[in-house]
Amino acid sequence: MSQQSQPPQRPTPGRISKAVIPAAGLGTRFLPATKATPKEMLPVVDKPAIQYVVEEAVAAGLTDVLMVTGRNKRPLEDHFDRNYELEEALSRKGDASRLARVRESSDLATMHYVRQGDPRGLGHAVLCAQPHIGDQPFAVLLGDDLIDPRDPLLTRMTTVQHHHGGSVIALMEVDPAHIHLYGSAAIQPTDEPDVVRVTGLVEKPEPGQAPSHYAVIGRYVLDPAVFTVLAHTPPGRGNEIQLTDALKTLATPDHPGGPVHGVVFTGRRYDTGDRADYLRAIVRLACERDDLGPDFRTWLKAYVNGEMDQ
Ligand code: G1P
């Protein structure tokens, strides 16, 4: 008897095409560096952190990117736009490789911007995207979380959303001592080892109140029903409108926009919103780069071993 194999499950480029990147935060943890520069523009090796996030969206097939910004965020718009003066100067010098690097960020995606106005929380930032998104599933990527490009989390999430419908969030098992820094999910297993059903959520739980040590990390694929829910979600933790609270509503049985599934991520994630993790991200990514890595690793080993005079 011949056995017919199942066709492979494919991500659905074209079906989910829009990404929202909230980028209105003040970046107070990095002051004074962020006094006049958006935190999203801080370099990770030689690219601003935000460019990695846009590249991740594009790699998952999302080429329409809406940034939700605020005051003092103009450098973000400039970074993803052409800089003719600089391009002209590099052309005149015949510096083709730097010219290509400069053009990379403006050729990546179709960029759109909307201002959040009042900083009323992540849920409110997502709600600001409603007129641009309309009535289709979309992704949200938080700029403080960098996901290593070798671990394609968002592509997996769009595949899971295509399969199950509803909404999909990214989860990561964290040290129980750190769960109070995140949204925490109550979960049930499914037939797929990396997918769970989300039955409840608590934003930044008090000690002893976390339903699990599965933390929400900053990637979401959301059904547009989330907008209606957000519009009716009262301020929660920190007196802000929390995306986690809206997702908790979506996760209630038979709610439009549900069910909510979680993809459990076991790959490499860097929290560039935290100074120590930001430094780790730079060191790790620099060590792994073909151009900088070999020399930098040699130096780093010597430094760590105390073999440096200065
Ligand atoms: C936000 C979310 C939180 C999530 C976290 C991931 O919090 O509200 O649920 O766990 O991102 O980075 P923030 O870190 O922006 O306070």
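Residues numbered from 1 in each chain as written. Predicted model: local features only at pLDDT ≥ 70, side-chain atom pairs only at ≥ 80, totals over all residues. Heavy atoms only, no water.

Visitor: Honestly, the packing of aromatic side chains in this entry has me stumped. Any pointers?
Guide: A complete count under the given rule lists 4 aromatic pairs for this structure. Ring geometry for Phe-30 versus Tyr-278: centroids 5.3 Å apart, planes at 80°, classification edge-to-face. Here Phe-30 is found in the loop between strand 1 (18-22) and strand 2 (43-44), whereas its partner Tyr-278 is found in helix 10 (residues 275-288), with 248 residues between them in sequence. A relative accessible area of 10% means that Phe-30 is categorised as buried. Since its relative accessible area comes to 11%, Tyr-278 is described here as buried. Here Phe-296 and Trp-299 contribute two aromatic rings whose centre-to-centre distance is 5.8 Å and whose plane-to-plane angle is 20°, an arrangement assigned as stacked. Here the residue Phe-296 and the residue Trp-299 both occupy positions in helix 11 (residues 293-304), the gap between them amounting to 3 residues, near one helical turn. Members of the aromatic cluster, each reached through a chain of ring pairs, are Phe-296, Trp-299 and Tyr-303. (Phe/Tyr/Trp six-rings, centres within 6.5 Å; stacked < 30°, edge-to-face > 60°. Helix = DSSP H or I, 4+ residues; strand = E, 2+ residues; numbered from the N terminus. Buried < 20%, exposed > 50% of the residue type's maximum accessible area, 1.4 Å probe, protein only.)

Visitor: Can you walk me through the pattern of salt bridges in this structure?
Guide: Two side chains with opposite charge may pair up if their charged atoms get near one another. Evaluated as defined, the whole model comprises 22 salt bridges. The shortest N-O distance in the salt bridge between Lys-39 and Asp-144 comes to 3.2 Å. Of this pair, Lys-39 sits in the loop between strand 1 and strand 2 while Asp-144 sits in the loop between strand 6 (138-141) and strand 7 (145-147), and the two are 105 residues apart along the sequence. Judged by its relative accessible area of 22%, Lys-39 is partly exposed. Judged by relative accessible area, which is 23%, Asp-144 ranks as partly exposed. The shortest N-O distance in the salt bridge between Asp-46 and Arg-289 comes to 2.9 Å. Here Asp-46, found in the loop between strand 2 and strand 3 (47-48), pairs with Arg-289, found in the loop between helix 10 and helix 11; they are 243 residues apart in sequence, far enough to count as distant. Exposure remark for Arg-289: the relative accessible area of 21% places this residue in the partly exposed category. Put simply, Asp-46, Arg-101, Glu-104, Arg-289 and Asp-291 are held in one network by salt bridges that share partners. (Salt bridge = Lys/Arg side-chain N within 4 Å of Asp/Glu carboxyl O.)

Visitor: I tried to follow unusual backbone geometry on my own but got confused; where do I start?
Guide: It is generally the case that most residues other than glycine have a negative phi and that most peptide bonds are trans. The step from Leu-31 to Pro-32 runs through a cis peptide bond, and the omega angle for that step is 10°. Within the secondary structure layout, Pro-32 lies in the loop between strand 1 and strand 2. Here Gly-258 and Pro-259 are connected by a cis peptide whose omega angle stands at -5°. Mapped onto the elements, Pro-259 comes out in the loop between helix 9 (243-250) and strand 12 (260-264). Residue Asn-239 is not a glycine yet carries a positive backbone phi of 60°. Position of Asn-239 relative to the elements: it lies in the loop between helix 8 (225-231) and helix 9.

Visitor: Even after reading the chapter, I still don't get the site of the ligand, so can you show me in this structure?
Guide: All residues adjacent to the ligand are Leu-122, Leu-142, Asp-145, Tyr-182, Gly-183, Glu-203, Lys-204, Val-216, Gly-218, Gln-242 and Thr-244. In the environment of the ligand, an oxygen atom lies 3.1 Å from a nitrogen or oxygen atom belonging to the side chain of Asp-145. In this structure, an oxygen atom belonging to the ligand sits 2.6 Å away from a side-chain N or O atom of Glu-203. With the chains in place, 76% of the 380 Å² that the ligand exposes on its own is no longer accessible. Among the detected pockets, the ligand sits in the largest pocket. Residue classes in the shell around the ligand are distributed as 4 nonpolar, 4 polar and 3 charged. (Near = heavy atom within 4 Å. Polar contact = N/O pair within 3.5 Å; in protein donor to acceptor, adjacent residues only side chain to side chain. Areas by Shrake-Rupley, 256 points an atom, 1.4 Å probe, with all protein chains shown as cover. 1 Å grid on protein atoms, 1.4 Å probe; cavity = no way out; pocket = protein on both sides within 12 Å on 5 of 7 lines; lining within 4 Å. Sits in = over half its atoms within 2 Å of the grid points. Nonpolar A, V, L, I, M, F, W, Y, C, P; charged D, E, K, R; others polar.)

Visitor: In this structure, what is going on with the packing of helix 10 against helix 11? I would like to understand it.
Guide: The geometry of a pair of packed helices is captured by two quantities: the angle between their axes and the separation between those axes. Where helix 10 meets helix 11, the axes come as close as 7 Å, and the angle between the chain directions of the two elements is 125°. In terms of axis orientation, helix 10 runs oblique to helix 11. For the pair helix 10 and helix 11, the contacting residues are Val-283, Ala-286 and Cys-287 in the first and Gly-293, Phe-296, Arg-297 and Leu-300 in the second. Per-class residue counts for the contact of helix 10 with helix 11 are 5 nonpolar, 1 polar and 1 charged. (Axes fitted to C-alpha atoms, helices over the stretch in contact; angles between N-to-C directions. Parallel < 35°, antiparallel > 145°, perpendicular 65-115°, else oblique. Contact = heavy atoms within 4.5 Å.)

Visitor: Hey, could you run me through the layout of surface pockets in this one?
Guide: Unfilled space is identified by rolling a water-sized probe across the atoms. Each pocket or cavity is described by its volume, and for the largest pocket that value is around 1400 Å³. What lines the largest pocket is a set of 48 residues, among which Arg-29, Lys-39, Leu-142, Asp-144 and Lys-204 lie closest to the centre. Take the lining of the largest pocket: its biggest share by element is 4 residues, from strand 11 (residues 214-222). Looking at the lining of the largest pocket residue by residue, the classes come out as 14 nonpolar, 17 polar and 17 charged. Of the pockets and cavities examined, the second largest pocket occupies roughly 410 Å³. Surrounding the second largest pocket, 20 residues form its lining, Tyr-52, Glu-55, Asp-148, Pro-149 and Arg-150 being those nearest its centre. For the lining of the second largest pocket, the secondary-structure elements that each account for two or more residues are helix 1 (49-59), helix 7 (153-164) and helix 10. Here the element with the most residues in the lining of the second largest pocket is helix 1; it accounts for 4 residues. A per-class count over the lining of the second largest pocket returns 10 nonpolar, 1 polar and 9 charged. (Points joined across faces, edges and corners; volume = space filled by probe spheres on them.)

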